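Residue-level structure breakdown
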Amino acid sequence: MIPAGRSRNLRIGLIDMNNGVPNQAIRSFRSIIATFTERVRARNPGLTVTTTHVQPRNLGEVPPPDCDLYLSTGGPDSPVDGFKEHWATHLRTFFDKVVDGQLQHGTTAPSLFAVCYSFELAVLHFGIAQMIPRERKFGIMPVYPTDEGLASPMFAPFGDRLFVWEHRSWQAVDLDEKKLSELGGMLLARESRDGMSKGRGLMAFRFTRGVDGTIFHPEADRPGVLNWLDRPEQAKAVTDAYGELVYQRMRKTVDDPTRLALTYALLLPGWMARTFNTLALDRDWAPVDLPTYDAALGLDAFGRPMDAPVSVESRS
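Taken as a whole, the largest pocket holds about 680 Å³ of empty space. Every residue lining the largest pocket is counted, 29 residues in all, and those nearest its centre are Asn18, Asn23, His167, His217 and Trp228. A total of five residues in the lining of the largest pocket trace back to one element, the largest contributor, which is strand β6 (residues 162–173). Split by residue class, the lining of the largest pocket holds ten nonpolar, twelve polar and seven charged.

Right under this line is the structure:
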């Protein structure tokens, strides 16, 4: 992957790993991309921003080779089984091309953010941990940045804990620290502060130059979460697994501006802004401001409940 010249447009690749299964995630990703596009165009009125949406699993489409930012989504089923399928060969080649581009051209080359199923495939591809099945975990959960995560721009805004949307039946465990170090990567977040008490899961990585990802869903917004929690079968699954009290707390947490709304406002939009600004230095584009968080605006983007207050202090 070769970085393009200064006159080119900005292209975003949305790699849909949902295998044709209806979901809320693509709508939410598109909303985040649309907001990001507005911010880019506000600073660069003449710049055209395009999004290419591909579906490797169900349609056999390959990631476009000429995008600048790639977002690769979650999806259903076993990553271990998917890793062996024909479409995965093209995806793994794509992972390698992103890395090769970074090695040859530095930070002006394309970058990738991998979510959930894509994250699991990246763990397998780069060989930095074991992917093993676990009891299904779903709902709004805390995640704990590592020391490296706290020092990173991705997790620094959150302090020692953030709240995320999880929906997974697999986990990354048994980190190969030597392999991760050789790749120039970092473990950015864990399932537990101590690595054990709430679960062994490795939740976020800088896999290597140009490739970041989370096993949780930073794109999750209020409409999507409530669409899931309000389904009778899912409400029953949550109460059966965690109890009625936890279910009600999850519903209340959706409207807490310091929790999931904060993650939605800062994590993925922050990654996109930082990546764009690195490209902007080389392409004579005006940089965009990094996202800041005001709960009034944050809840508007996240999906404000009807009775939410609009005056809350800002947080960057």
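Core analysis: the largest hydrophobic core is formed by 95 residues, its most contacted members being Leu10 and Phe155. Among the elements that make up this core, the one with the highest residue count is helix α11 (residues 260–283) (14 residues). Apart from the residues within four sequence positions on either side, Phe155 is in contact with Pro145, Gly149, Leu162, Leu188, Ala189, Ala204, Phe216 and Leu267.

The final tally for this structure, using the stated rule, is 15 aromatic pairs. Their ring planes at 70 degrees and their centres at 5.5 Å tell us that Phe113 and Trp271 sit as a pair that is edge-to-face. Taken together, the residues span a long stretch of sequence, with Phe113 in strand β4 (residues 111–115) and Trp271 in helix α11 at a distance of 158 residues. Of the two residues, Phe113 and Trp271, neither departs from the other in class, the shared state being buried. Site record: aromatic cluster; members linked through ring pairs are Tyr70, Phe94, Phe95, Phe119, Phe126, Phe205 and Phe207. One residue, Arg57, lies across the ring of Tyr117, its end atom 4.2 Å from the ring centre. If you follow Arg259 out to its NZ or CZ, it ends over the ring of Phe163, 3.9 Å from the centre.

Turning our attention to the pairing of β6. Of all twelve residues in β6, ten are buried; the element is thus mostly enclosed. With eleven bridges joining them, strand β5 (residues 130–145) and β6 adopt antiparallel strand pairing. Bridge assignment links Val143 to a residue of β6, and that residue is Leu162.

So, about the side chain of Thr253. Take Thr253: it is sitting in helix α10 (residues 244–254). Residue classification places Thr253 among the buried positions, given a relative accessible area of 11%. Once you skip the residues sitting within four places of it in the chain, Thr253 turns out to touch Ile140 and Arg259.

Reading the values: rules and limits
Residues numbered from 1 in each chain as written. Predicted model: local features only at pLDDT ≥ 70, side-chain atom pairs only at ≥ 80, totals over all residues. Heavy atoms only, no water. 1 Å grid on protein atoms, 1.4 Å probe; cavity = no way out; pocket = protein on both sides within 12 Å on 5 of 7 lines; lining within 4 Å. Points joined across faces, edges and corners; volume = space filled by probe spheres on them. Helix = DSSP H or I, 4+ residues; strand = E, 2+ residues; numbered from the N terminus. Nonpolar A, V, L, I, M, F, W, Y, C, P; charged D, E, K, R; others polar. Core = buried A, V, L, I, M, F, W, Y, C linked by side-chain atoms within 4.5 Å. Buried < 20%, exposed > 50% of the residue type's maximum accessible area, 1.4 Å probe, protein only. Contact = heavy atoms within 4.5 Å. Phe/Tyr/Trp six-rings, centres within 6.5 Å; stacked < 30°, edge-to-face > 60°. Lys NZ or Arg CZ within 6 Å of the ring centre and 35° of its normal. Pairing = 2+ DSSP bridges.

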